[in-house]
Amino acid sequence: GGTGGGGGGGGATLGTIGGASVFMGNLDGTAFSYTASATVDAVAGYDGNIDTPPALSSKIYSHEFWDNVTSQLYMGVNLGKLEYLGGVPDDATFFSFFSTGARTYGDPDFTANVVEVRMIDGAGIEWSTACDLGAQPGSAFQITDKQEITGFNTAVKVRATLNCTLYSCSGMATKTITNGIWVGYLENL
């Protein structure tokens, strides 16, 4: 895998496509907001495999918020799995993967075109939409805007609204995110 920049946003309103990368909403009724700062890193990354055609290569793209002192994950979103031929998807394939519209929650390690929301709490417990597949009543993940970026690196900035249930990956406890907004920067590497 690899990592890249976090994507700044100038002076636009937080939570809009023109604003800074952010993950905000309510977690079990309590407001939260993560954006790049002196103590929080916004990190774009990917994971996947490259195969020789005719076999398909695949990538999972992520944008996560980390504590830059302890290297602890706060929250993040994984979008994947994009399947394509060759080493790196061409720009058209990459951009079309992030089209606006609804996404289904799932485990991008095993399923194409799904989204995973995950976090690690202060006690070090991992929580994820992928820890109990199929159990997302009333949940939604909607890509509402995207901004294509070309030049030295091809990238896309995506804004999504979301509601979901996070499951403890080590038990049956749950946490609920409501009124979520995620603005993430994803690179075609």
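Procedures and definitions
Residues numbered from 1 in each chain as written. Predicted model: local features only at pLDDT ≥ 70, side-chain atom pairs only at ≥ 80, totals over all residues. Heavy atoms only, no water. Salt bridge = Lys/Arg side-chain N within 4 Å of Asp/Glu carboxyl O. Helix = DSSP H or I, 4+ residues; strand = E, 2+ residues; numbered from the N terminus. Buried < 20%, exposed > 50% of the residue type's maximum accessible area, 1.4 Å probe, protein only. Disulfide = S-S within 2.5 Å. Polar contact = N/O pair within 3.5 Å; in protein donor to acceptor, adjacent residues only side chain to side chain. Contact = heavy atoms within 4.5 Å. 1 Å grid on protein atoms, 1.4 Å probe; cavity = no way out; pocket = protein on both sides within 12 Å on 5 of 7 lines; lining within 4 Å. Points joined across faces, edges and corners; volume = space filled by probe spheres on them. Nonpolar A, V, L, I, M, F, W, Y, C, P; charged D, E, K, R; others polar.

A. Focus on the pattern of salt bridges. Evaluation of the coordinates by the stated rule reveals four salt bridges. Among the salt bridges present, the one from E64 reaches R118, with a minimum N-O distance of 3.1 Å. You can see E64 sitting in strand β5 (residues 57-67) and its partner R118 sitting in strand β8 (residues 114-120), a full 54 residues away along the chain. Assigned by exposure class, E64 and R118 land together as buried. E148 is paired through a salt bridge with K146; the nearest N and O atoms lie 3.4 Å apart. By relative accessible area, which is 29% here, K146 ends up partly exposed. A single salt-bridge network, built from bridges that share partners, covers E64, R118 and E126.

B. Seen up close, unusual backbone geometry. Geometrically, the link from P53 to P54 is a cis peptide bond, its omega value of 20° lying close to zero. Here the bond from G80 into K81 is cis, since omega is -10°, no more than 30 degrees from zero. Structurally, K81 can be placed in strand β6 (residues 73-84). For D28, which is not glycine, the phi torsion reads 50° and is therefore positive. Tracing the backbone through its elements, the reader meets D28 in the loop between β2 (22-27) and β3 (30-35). A residue is classified by how much of its surface remains accessible, and D28, at 46% relative accessible area, is partly exposed.

C. Highlighting the state of the cysteines. Under the definition given, this model contains one disulfide. With a sulfur-sulfur separation of 1.8 Å, C131 is cross-linked through a disulfide to C169. A torsion of 70° about the S-S bond marks the disulfide between C131 and C169 as right-handed. On the criterion of sequence distance, the pair formed by C131 in the loop between β9 (126-128) and β10 (140-149) and C169 in the loop between β11 (155-168) and β12 (174-187) is long-range, its members being 38 residues apart. Note on C164: no disulfide assigned, nearest cysteine sulfur contributed by C131 at a separation of 12 Å.

D. Geometry of the side chain of N188. Looking at where N188 falls in the secondary structure, it is placed in the segment after β12. We classify N188 as buried; its relative accessible area is 9%. From its side chain, N188 meets the backbone oxygen of P89 in a polar contact 2.9 Å long. Ignoring any residue separated from it by four or fewer positions in sequence, one finds N188 in contact with Y61, V88, P89, D90, D91, F94, T154 and A155.

E. Representation of the layout of surface pockets in the model. Approximately 170 Å³ is the volume found for the largest pocket. Secondary-structure elements contributing two or more residues to the lining of the largest pocket are β4 (40-49), β5 and β8. Looking at which element gives the most residues to the lining of the largest pocket, the answer is β5, with three residues. Residue composition of the lining of the largest pocket, grouped by class: four nonpolar, two polar and six charged.

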